[in-house]
Amino acid sequence: MQNKKLSVLIVDDNSLMLRQVDIILRQLGVEQISFAEDGMSALSQIDGERRIDVILLDLNMPDMDGVEVMRHLAMRGYQGGIALFSGEDSRILRTAESLASVHQLNVIGALSKPVTRLALQNTLASFQPQQTAKNFNAIEPVTVEELQFALDKLQIEPFYQPKVRVPDKRLRSVEVLARWRHPEKGIIPPIAFIPVAEEQGLIDRLTNVVINQAAETFGRWLAAGFDFNLGMNICADSLAHVELPENLAAIAKRHSVPCERIELEITESRLVQNLKTSLDVLTRLRLKGFGLAIDDFGTGYSSMSQLSHVPFTELKIDRAFVHDAHKDSAAYAILESAVELAKKLDMVTVAEGVENARDWQTAADIGCDLAQGYFIAKPMPAADLDRWLHEQKRS
Ligand code: C2E
Ligand code: CA
Ligand code: CA
């Protein structure tokens, strides 16, 4: 595509940088250029009327960093080109690139700062015109009213995905993943409604609906003699509610589930933003016996030392560093050091996104305790997991 016709958005918190890149782009013949000084304003431009073919995205920004912007772009199914730039070393850039490709974003380049004319020219040249066909794919955002209705009608139900021990493939726990069983549209994945629930203040209600059903079903599995734990996803914002530990303990008790059987998974990036206020609630959850897992580790910028102050029991390493890690030395290195550090802190390690035998081998080579992914089993409804459990028992 001719540079003249390209519409480019530059996202960087440094206004000097915005001006420099603007000058280079104009020299390269780009005429439609827009700017954003933070992630929020970038997203509102993406949501706007104007088509944006290419986003030049800075990774290090205060408030919402580039990695989080990418996650939001993925949720919107953004199909335009994305080039990442960062002042950090090239390893971070490469890792962010693999993260982006996991999210199925169309990454067309990684640029180290200071950005040169040649590098930018090459990046723009690798952008293919057919990819501009549309910016957005099929994930239709749902409205608050629709979601409220779904919660009232109990259309949101838990699916379950096994996590197994790497040494012997034995089941260690199942993770609860919400699904919306829509009467006309079929099964809707959480990416279509969890962000809406979080933004519209419905997430606590949603958590309640999911957890109540899961705890009831899980209580029955325990009563039938099965021996595994239950993993639940908790939105980091919910950790601001001081009554959360008591509420969760009450639900567990109602279904005769010991709190020790429940592992709460909290996403790393959101956690760090709220770490101080959450510490009280996290500590009390731990005191009640709940396990605490850091989810999607590697996708935020937290250091292990920050996290070591919280009594976490489990580290779940994001699939960006697991799936195909054998082909990507930066991802492999991150996976290795995450496992090593977690062991020092006495945490159980989980490799997420184990999709094939090669990924499984990687998890085993590196010494991950547990693995989760399509290679073992996909998330499934309670009835299917029930069958899976009985098959496992027989074999
Ligand atoms: P997550 O907690 O990181 O969950 C893992 C996601 O990876 C799930 O997507 C799962 O289906 C998917 N997955 C599992 N194995 C593989 C694999 O081998 N390859 C690939 N490519 N993907 C795999 P899902 O179910 O679409 O959930 C997306 C996210 O939505 C979850 O990410 C979690 O953050 C959130 N979520 C789901 N249910 C709930 C819930 O009840 N409450 C809250 N707060 N968040 C939820
Ligand atoms: Ca999770
Ligand atoms: Ca995860």
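Residues numbered from 1 in each chain as written. Chains lettered and ligands numbered in written order. Predicted model: local features only at pLDDT ≥ 70, side-chain atom pairs only at ≥ 80, totals over all residues. Heavy atoms only, no water.

*Asks:* Help me get a handle on the site of ligand 1, residues and values and all.
*Replies:* The local shell around ligand 1 holds 20 residues, among which A178, R179, D295, E355 and Y374 are the closest. Measuring from an oxygen atom of ligand 1, one finds a side-chain N or O atom of D295 at 3.0 Å. Within the side chain of R319, an N or O atom sits 3.2 Å from a nitrogen atom of ligand 1. Relative to its unbound accessible surface of 800 Å², ligand 1 loses 83% to contact with the protein. If you list the elements that add at least two residues to the shell around ligand 1, you get β7 (171–182) and β11 (291–297). Element by element, the count of residues in the shell around ligand 1 is highest for β7, at four residues. By residue class, the composition of the shell around ligand 1 is nine nonpolar, four polar and seven charged. (Near = heavy atom within 4 Å. Polar contact = N/O pair within 3.5 Å; in protein donor to acceptor, adjacent residues only side chain to side chain. Areas by Shrake-Rupley, 256 points an atom, 1.4 Å probe, with all protein chains shown as cover. Helix = DSSP H or I, 4+ residues; strand = E, 2+ residues; numbered from the N terminus. Nonpolar A, V, L, I, M, F, W, Y, C, P; charged D, E, K, R; others polar.)

*Asks:* Quick one: what's the story with empty space enclosed by the protein, residue by residue and with numbers?
*Replies:* Enumeration over the complete set of coordinates arrives at one cavity of 30 Å³ or more. Counted as a void, the largest cavity has a volume near 50 Å³. Surrounding the largest cavity, I211, A215, M232, L248, I251, A252, I262, L264 and F290 form its lining. Of all the secondary-structure elements, those providing two or more residues to the lining of the largest cavity are α8 (203–223), α9 (244–254) and β10 (262–267). Ranked by the residues each element gives to the lining of the largest cavity, the list is headed by α9, at three residues. Its residues placed into classes, the lining of the largest cavity shows nine nonpolar, no polar and no charged. (1 Å grid on protein atoms, 1.4 Å probe; cavity = no way out; pocket = protein on both sides within 12 Å on 5 of 7 lines; lining within 4 Å. Points joined across faces, edges and corners; volume = space filled by probe spheres on them.)

*Asks:* How would you explain the side chain of E265 if you had to name every residue and give the values?
*Replies:* Take E265: it is sitting in strand β10. A distance of 2.9 Å separates the side chain of E265 from the side chain of K316, its partner in a polar contact. When sequence neighbours within four positions are dropped, the list of residues in contact with E265 reads K163, E175, G231, M232, N233, I234, A293, D295 and K316. (Contact = heavy atoms within 4.5 Å.)

*Asks:* Can you break down the coordination of the calcium ion (ligand 3) residue by residue, with the values?
*Replies:* In the first shell of the calcium ion (ligand 3), the protein supplies D295 (OD), D296 (OD), E352 (OE) and E352 (OE), at 2.1 to 2.6 Å from the metal. Mapped onto the polypeptide sequence, the residues donating to the calcium ion (ligand 3) form the spacing pattern D-D-x55-E. Here the calcium ion (ligand 3) and the calcium ion (ligand 2) are spaced 4.0 Å apart, and both take D295 as a donor. With D296 in strand β11 and E352 in the loop between β13 (348–351) and α14 (357–366), this pair connects stretches of sequence that are 56 residues apart. The two residues D296 and E352 agree in class, both being buried. (Donors = N, O, S within 2.8 Å, 3.2 Å for Na, K, Ca; no water. Buried < 20%, exposed > 50% of the residue type's maximum accessible area, 1.4 Å probe, protein only.)

*Asks:* Now, about the coordination of the calcium ion (ligand 2): what can you tell me, with residues and values included?
*Replies:* Expected angles at a metal are 109.5 degrees for tetrahedral coordination by four donors and either 90 or 180 degrees for octahedral coordination by six donors. Coordination of the calcium ion (ligand 2) by the protein is provided by E175 (OE), N233 (OD1), E265 (OE) and D295 (OD), with metal-donor distances spanning 2.2 to 2.4 Å. Donor residues binding the calcium ion (ligand 2) come from one chain and are separated in sequence as E-x57-N-x31-E-x29-D. For E265, a relative accessible area of 1% puts it in the buried group.

*Asks:* Which residues make up the domain arrangement of the protein chain, and what values do they have?
*Replies:* One widely used convention gives an interface's size as the accessible area the parts lose upon coming together. Its domain assignment divides the protein chain into domain 1 (3–131) and domain 2 (144–394). For domain 1 and domain 2, the distance between their C-alpha centroids amounts to 31 Å. Both faces combined, the contact of domain 1 with domain 2 buries some 1300 Å², and carbon together with sulfur accounts for 59% of it. Our enumeration of links across domain 1 and domain 2 arrives at zero salt bridges. Linking domain 1 with domain 2 are zero residue pairs in polar contact (both at pLDDT 80 or more), by the criterion used here. Top contributing element to the side of domain 1 that touches domain 2 by residue count: helix α4 (residues 90–102), with seven residues. Residues that form the side of domain 1 that touches domain 2 fall into these classes: six nonpolar, two polar and six charged. (Domains from an automatic or database assignment. Buried area = accessible area lost by both parts, 1.4 Å probe. Salt bridge = Lys/Arg side-chain N within 4 Å of Asp/Glu carboxyl O.)

*Asks:* So, a negative patch on the surface: which residues are in play, and what are the values?
*Replies:* Taken together, the side chains of D13, E37, D38 and D63 present a region of like negative charge at the surface. Positionally, E37 belongs in the loop between β2 (32–36) and α2 (39–47). Judged by relative accessible area, which is 44%, E37 ranks as partly exposed. (Patch = residues over 30% accessible without salt bridge, like charges linked within 9 Å, V, L, I, M, F, W, Y side chains within 5 Å. Lys, Arg positive; Asp, Glu negative; His and termini not counted. Charge placed at Lys NZ, Arg CZ, Asp CG, Glu CD.)

*Asks:* Describe the sheet that holds strand β3 (residues 54–58), and please don't skip the residues or the numbers.
*Replies:* Taken together, five strands build an open sheet; the order of strands is β2-β1-β3-β4-β5 and the sheet is parallel. The sheet is open, and its two borders are formed by β2 and β5 (106–112), each paired with just one other strand. Each strand axis lies, on average, 20° off the axis of its neighbour in the sheet, ignoring direction. In terms of strand pairing, strand β1 (residues 7–11) meets β2 through five bridges, oriented parallel. (Pairing = 2+ DSSP bridges. Axes fitted to C-alpha atoms, helices over the stretch in contact; angles between N-to-C directions.)

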